[in-house]
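Reading the structure
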Amino acid sequence: MQKETNDIAVIGAGPAGLSAAEILSEAGHAVVVYDQMPSPARKFLMAGRSGLNLTHAEPLAGFLTRYGAAKDWLAPCVTAFPPSALRRWAEALGQPCFTGSSGRVFPEAMKASPLLRAWLARLAARGVVFALRHRWIGWSEGGGPCFETPAGAYSHPGRNVVLALGGASWPRLGSDGGWTDLLPPGSVSPLQPANCGFRTALPMAFHQRFEGTILHAVTLCAEGQRARGDVTITRSGLEGAPVYRLAAALRARIAGSGSARLLVDLRPGMEAGELATRLERGRARESLSNRLRRIGLAPAARFLLHEAQAQGGGEAARAQEGGRFSSLADTIKSCPVILTAPDSLSRAISTAGGVRRAVLDDAFMLRDRPGVFVAGEMLDWEAPTGGYLLQACFATGRAAGEGMKAWLAARQDGAGASAIEGGTVSPKADLPPELG
Ligand SMILES: Cc1cc2nc3c(=O)[nH]c(=O)nc-3n(C[C@H](O)[C@H](O)[C@H](O)COP(=O)(O)OP(=O)(O)OC[C@H]3O[C@@H](n4cnc5c(N)ncnc54)[C@H](O)[C@@H]3O)c2cc1C
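Going by the annotation in an unreviewed UniProt entry, the name recorded for the protein chain is NAD(FAD)-utilizing dehydrogenase, with Swaminathania salitolerans given as the source organism. In the Cofactor (unreviewed entry) part of its UniProt record, the protein chain is described as follows: "FAD".

This is the structure:
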């Protein structure tokens, strides 16, 4: 029998779990951070591969609207640890930040590794212990979390827990969503892809021919929302920042109606009237393809237009015969593409769904499991890319840490023995080579 302790188990060594560990260790609590992977924060490191977008510089009121239906829920913790505080926090760890032209905030190093290295060192200096290769598999009879480890089963000798297990995208980085089976049915809203690509109803030939092609700076419109940026054609669909931005609305439409209609402006920067005039110019017998090439439509865009015409019964071709190009110009400005399904969750940037707000109190504690707090992407919120994801993970992690602090203070039941000193868990984090 292990002696029960007040050591706090933080399960999940991503930004949310490490933020909770930071708040708790700062307050003098003994913290063990468990993770099933051999090294911490793999998704955070991956996020840094393409430029770590920590947060966004837009005013807080607008910033909060990015959380959609979860805005009111997340507002208190994001307000308590706003983008400016996250930036100061990174700078205090030796990572100066800058704001890009789009308002996105990045560390100057662009990568996550120097920031993570400094953060882990600070946590270790405060006595935080890392127990890696520990997969959380449920609760022991004593009420604490138990783990599968290479050395066999292990139970944490305490019941104060922060769950920060992430979503289920990019599962090879550790967050695989397996935790959904460990919480009571009904407490978790189904996990779904967010910030994801979508499959199209376009012919396979389109995707085979144009896979990897970028439609530059196009404007997308769907469900009353617009988004602009580069769209990449994939093996079976479309992806890229503007698609991600519309993903929640598109996903909802597909769930309700079986498909969604995306309108693509294939020639941004030129109004329909000017397009029609330019299309009309030239020899009377000039082919349509030539006219489209002349106005700067790339092959992939011409293919999309051709498909739209075919779906529309060749209306544009008839218009051309009559020498009128205004209808064709309208289609170029608003070319319909039918989307049939979101890409798989494993390929998405983030996860929608998760632990429902209703099963948590205001401090992110599970109502039916006092002493167990939840943070990060495993909560039921979603947001677009742009730094909003990490901001909410840091903010909810810190809020869960504060919640635990207040919960322990209210119970006032002393410090208890420390299992860390007893050597029940490995006090050394195995760091990936780039961090070690
Ligand atoms: C390619 C990519 C790029 C991204 N870029 C950005 C960006 O630039 N800006 C931004 O804001 N967001 C970005 N994100 C999203 C961001 O990385 C995540 O939202 C964030 O890491 C989630 O933090 P978290 O702590 O909640 O969960 P995670 O970082 O997923 O950490 C959860 C941890 O829990 C562990 N775990 C899971 N299950 C168990 C278990 N049963 N037992 C033990 N441990 C377990 C996992 O191993 C993992 O270490 C990106 C995501 C991807 C995939």
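Across its full length, the protein chain holds 14 helices and 19 strands. In terms of overall dimensions, the protein chain has a C-alpha envelope of 90 × 45 × 40 Å along the principal axes. Considering the protein chain as a whole, with its 436 residues, one finds that 53% of them fall into the buried category. The contacts in the protein chain between residues at least 6 apart in sequence include a share of 71% that link residues at least 24 apart. When the accessible surface of the protein chain is split by element, carbon and sulfur atoms take 52% of a total near 18800 Å².

Below, the discussion takes up the packing of aromatic side chains. Following the criterion strictly, the structure yields 16 aromatic pairs and no others. With 6.5 Å between their ring centres and 75 degrees between their planes, F44 and W119 make a pair best called edge-to-face. Of this pair, F44 sits in helix 2 (residues 42–47) while W119 sits in helix 6 (residues 113–125), and the two are 75 residues apart along the sequence. For the pair shown, F44 and W119 are each scored as buried. When the centroid spacing of 5.2 Å and the interplanar angle of 70 degrees are considered together, the rings of W136 and W139 count as edge-to-face. Here the two residues W136 and W139 agree in accessibility, since each one is buried. Linked through ring pairs, F44, W89, W119 and F394 together constitute an aromatic cluster.

With that settled, the discussion passes to the sheet that holds strand 12 (residues 198–200). The strands that make up a sheet pair up through hydrogen bonds in the backbone, lying either parallel or antiparallel. Taken together, six strands build a closed barrel; the order of strands is 12-15-14-13-16-17 and the barrel is antiparallel. Strand after strand, the sheet turns through a mean of 50 degrees between neighbouring axes, direction not considered. In this structure, strand 12 lies alongside strand 15 (residues 237–239), joined through two bridges in antiparallel fashion. Within the sheet, the bridge partner assigned to R199 lies in strand 15 and is G237. Most of the contacts of helix 8 (residues 241–257) go to strand 14 (residues 225–233), to which it runs at about 110 degrees, and overall it touches strand 12, strand 13 (214–222), strand 14, strand 15, strand 16 (260–265) and strand 17 (335–342).

With respect to the helices and strands, the residue G256 is situated in helix 8. When the C-alpha atoms of G256 and I233 are compared, they prove to be 25 Å apart, with 23 residues separating the residues in sequence.

Read from one edge of the open sheet, three strands run 3-5-4, paired in antiparallel fashion. Taken across any chain shown, the strands that pair with only one partner, and hence form the sheet edges, are strand 3 (55–56) and strand 4 (97–99). Bridging between strand 4 and strand 5 (residues 104–107) involves three bridges; their strand directions are antiparallel. Among the inter-strand pairings, C97 is bridged to a residue of strand 5, identified as P107.

Here the focus is the domain arrangement of the protein chain. Accessible area lost when the parts come together is the quantity often used to give the size of an interface. Taken as a whole, the protein chain is organised into domain 1 (8–193 + 346–411) and domain 2 (198–342). Using C-alpha coordinates to define each centre, domain 1 is positioned 39 Å away from domain 2. If you look at the interface, domain 1 gives eleven residues, while domain 2 gives seven residues. Buried area between domain 1 and domain 2, summed over both chains or domains, comes out near 670 Å², and the portion from carbon and sulfur atoms is 43%. At the junction of domain 1 and domain 2, the tally comes to two salt bridges. Counting every contact that joins domain 1 to domain 2 gives four residue pairs in polar contact (both at pLDDT 80 or more). Taken together, the residues that form the side of domain 1 that touches domain 2 break down as five nonpolar, two polar and four charged.

The next thing to look at is the side chain of S350. Looking at where S350 falls in the secondary structure, it is placed in strand 18 (residues 350–355). For S350, a relative accessible area of 1% corresponds to the buried category. A distance of 2.9 Å separates a polar atom in the side chain of S350 from a polar atom in the side chain of N195. What S350 contacts, discounting residues up to four positions off in sequence, is S169, Q192, P193, A194, N195, L345, E377, A383 and L389.

Rules used in this analysis
Residues numbered from 1 in each chain as written. Predicted model: local features only at pLDDT ≥ 70, side-chain atom pairs only at ≥ 80, totals over all residues. Heavy atoms only, no water. UniProt positions renumbered as here; feature names shortened; annotations may be inferred. Helix = DSSP H or I, 4+ residues; strand = E, 2+ residues; numbered from the N terminus. Buried < 20%, exposed > 50% of the residue type's maximum accessible area, 1.4 Å probe, protein only. Contact = heavy atoms within 4.5 Å. Areas by Shrake-Rupley, 256 points an atom, 1.4 Å probe, with all protein chains shown as cover. Phe/Tyr/Trp six-rings, centres within 6.5 Å; stacked < 30°, edge-to-face > 60°. Pairing = 2+ DSSP bridges. Axes fitted to C-alpha atoms, helices over the stretch in contact; angles between N-to-C directions. Domains from an automatic or database assignment. Buried area = accessible area lost by both parts, 1.4 Å probe. Salt bridge = Lys/Arg side-chain N within 4 Å of Asp/Glu carboxyl O. Polar contact = N/O pair within 3.5 Å; in protein donor to acceptor, adjacent residues only side chain to side chain. Nonpolar A, V, L, I, M, F, W, Y, C, P; charged D, E, K, R; others polar.

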